[in-house]
Amino acid sequence: MGLNWGVKCLKYLMSFFNLIFWICGLALIVVGVMFQMFMHNTIKIDDALGSAYPILIVAVGVAIFFIAFLGCCGAWKESYCIVTMFAILLTLISITQFGAVISGYIFRNKVTTLIGTSMEETLSHYENSTEEFKLIVDFTQQNLKCCGVNSSTDWGEYLSEKDSVPDSCCVKETVGCGFGNMTNADLVYQKGCQHAIAEYLQSNIMWVIVLVLIIVFLQVMGVILSCMLMKGIRRGSEVVIDVPAGELE
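Once that is clear, we can look at the overall build of the protein chain. Counting secondary structure elements, the protein chain contains seven helices and zero strands. Order of helices (α) and strands (β) in the protein chain, N terminus to C terminus: α-α-α-α-α-α-α. The buried share of the protein chain, reckoned over its 249 residues, is 41%. In the protein chain, once contacts between residues fewer than 6 apart in sequence are set aside, the share between residues at least 24 apart is 72%. Total accessible area on the protein chain stands at roughly 14,000 Å², and carbon and sulfur atoms take up 68% of it.

Right under this line is the structure:
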C-alpha cells in the first residue's frame, strides 16, 4: 500500500515511540522484579494488596513490552487492523496504569501499618526459626541500620534474654555484641525497622509513580499517533485512480 510522505513520517515516528515503550516496559519489569526481591528478602507480607503491587508492576511491564512489538509490526506492515488493535490495547493499559498510580498514592500511608504488622509476625518466629529465616531478619536490620519493629526494646517480647537483641542490631556486628545491650545506643541501633522499611519503600514507590506517569503520557501520544496513522492508511486504501477507458484496452 503506498502512503504519502506525511503518513510515512507518522509511520517512522510511531516506530520510534514504540521503541521507547519497549524500553519502558523492560524498565518496569526490572523495577517490579527488584521490588519483589526486596520484599522477599526483608519481610513477609500476607496482605493481598501489598504483595500484589510488585506482580502488577511486572505484569504491566510485560503487557507494554508485547503491545510495543505489536505497534511496530502494525506500523511497518501498514496494517489498519493491527494498528487499531494496538491503539485499543494501549488505551486500556494506560487506563490501568493511571488507576494503579491513583490507588498507590491513596494507599501509600497504609505501607507503615502493613509493614508493622508483618514485622511483628516475623520477629515472633525469630528465636525458634531456621537459619535461613533468621538471615532475612538479620539482613534487614544490618542493611537498613534498624532494630526491632518500633525500636530495639521490641526484642524483649521475642527473645528469652530480655535485655538482648540479635547481633544484627549492632552498629558493628560481632558475635555476642547484642547480649545485654538492648538500650545501649552506642552499640545497638535504636531505630525501628517499621519506619526504616516504610521510608525506603515510599521513596522508591514515588519514583515508580513518576516513571509510570511518564509512560502514560508517552502512551497517550502513541494512541494519538496510531489514530493519525490509521486515518492515513484508510485514506490510502480509499484512493481511487481514474484510468481512461482507452488505457484499459
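Glancing now at the nonpolar core. Grouped together as the largest cluster of nonpolar side chains are 53 residues, with contacts concentrated most on Phe21 and Trp155. Sorting the residues of this core by element identifies helix H1 (5–42), helix H2 (48–77), helix H3 (80–106), helix H4 (110–124) and helix H6 (193–238) as the ones contributing at least two each. The biggest single contributor to this core is H6, with 16 residues.

A complete count under the given rule lists three disulfides for this structure. A sulfur-sulfur distance of 2.1 Å marks the disulfide that ties Cys146 to Cys193. Residues Cys146 and Cys193 are joined by a disulfide whose S-S torsion is about 90°; by sign, that bridge is right-handed. Placement of the pair is Cys146 in the loop between helix H5 (131–144) and H6 and Cys193 in helix H6, with a sequence separation of 47 residues. Accessibility assignment for this pair places Cys146 and Cys193 in one class, buried. For the protein chain, numbering the cysteines in disulfides from first to last along the sequence yields the connectivity 1-6, 2-3, 4-5.

Let us now look at the side chain of Ser226. Within the element layout of this structure, Ser226 appears in helix H6. When its relative accessible area of 0% is taken as the criterion, Ser226 is described as buried. If we skip the residues at most four places from it in the chain, Ser226 touches Met14, Val83, Phe86 and Ala87.

Here we take up a nonpolar patch on the surface. A cluster of nonpolar side chains, namely Leu13, Phe16, Leu19, Trp22, Ile23, Leu26, Val30 and Met34, defines an oily patch on the protein surface of about 750 Å² accessible area. Following the sequence through the fold, Leu13 ends up in helix H1.

Attention shifts here to unusual backbone geometry. Non-glycine residue Lys145 carries a positive phi angle of around 55°. Residue classification places Lys145 among the partly exposed positions, given a relative accessible area of 49%.

Right, let's get into the environment of Met37. Note that Met37 resides in helix H1. On the accessibility criterion, Met37 (48% relative accessible area) is partly exposed. Between the C-alpha atom of Met37 and that of Pro54, which follows or precedes it by 17 residues, the distance is 9.2 Å.

Moving on, we come to the confidence of the model for the protein chain. Per-residue confidence for the protein chain gives a mean pLDDT of 78; residues scoring 70 or more make up 82%. The least confident element of the protein chain, judged by mean pLDDT, is helix H7 (residues 245–248) at 43; the most confident is H5 at 84. Segment residues 239–249 is flagged for pLDDT under 50; beyond a separation of four residues in sequence, or across chains, it makes one contact in the model.

Our focus in this paragraph is the packing of aromatic side chains. With the rule as written, the count across this model stands at seven aromatic pairs. Judged by centre distance (6.4 Å) and plane angle (85°), the ring pair of Phe16 and Phe17 falls under edge-to-face. Its relative accessible area of 47% is what places Phe16 among the partly exposed residues. Relative to Phe21, the ring of Phe17 lies with its centre 6.2 Å away and its plane at 55°, an arrangement referred to as tilted. Residue Phe17 and its partner Phe21 are both found in helix H1; the two are separated by four residues, about one turn of the helix. What makes Phe17 buried here is its relative accessible area of 14%. Among the aromatic residues, ring-to-ring pairing joins Phe16, Phe17 and Phe21 into one connected group. The residue whose ring lies beneath Lys134 is Tyr126, and the NZ or CZ to ring-centre distance is 5.7 Å.

Calculation criteria
- Residues numbered from 1 in each chain as written.
- Predicted model: local features only at pLDDT ≥ 70, side-chain atom pairs only at ≥ 80, totals over all residues.
- Heavy atoms only, no water.
- Helix = DSSP H or I, 4+ residues; strand = E, 2+ residues; numbered from the N terminus.
- Buried < 20%, exposed > 50% of the residue type's maximum accessible area, 1.4 Å probe, protein only.
- Contact = heavy atoms within 4.5 Å.
- Areas by Shrake-Rupley, 256 points an atom, 1.4 Å probe, with all protein chains shown as cover.
- Core = buried A, V, L, I, M, F, W, Y, C linked by side-chain atoms within 4.5 Å.
- Disulfide = S-S within 2.5 Å.
- Patch = residues over 30% accessible without salt bridge, like charges linked within 9 Å, V, L, I, M, F, W, Y side chains within 5 Å.
- Salt bridge = Lys/Arg side-chain N within 4 Å of Asp/Glu carboxyl O.
- pLDDT = per-residue confidence, 0-100.
- Phe/Tyr/Trp six-rings, centres within 6.5 Å; stacked < 30°, edge-to-face > 60°.
- Lys NZ or Arg CZ within 6 Å of the ring centre and 35° of its normal.

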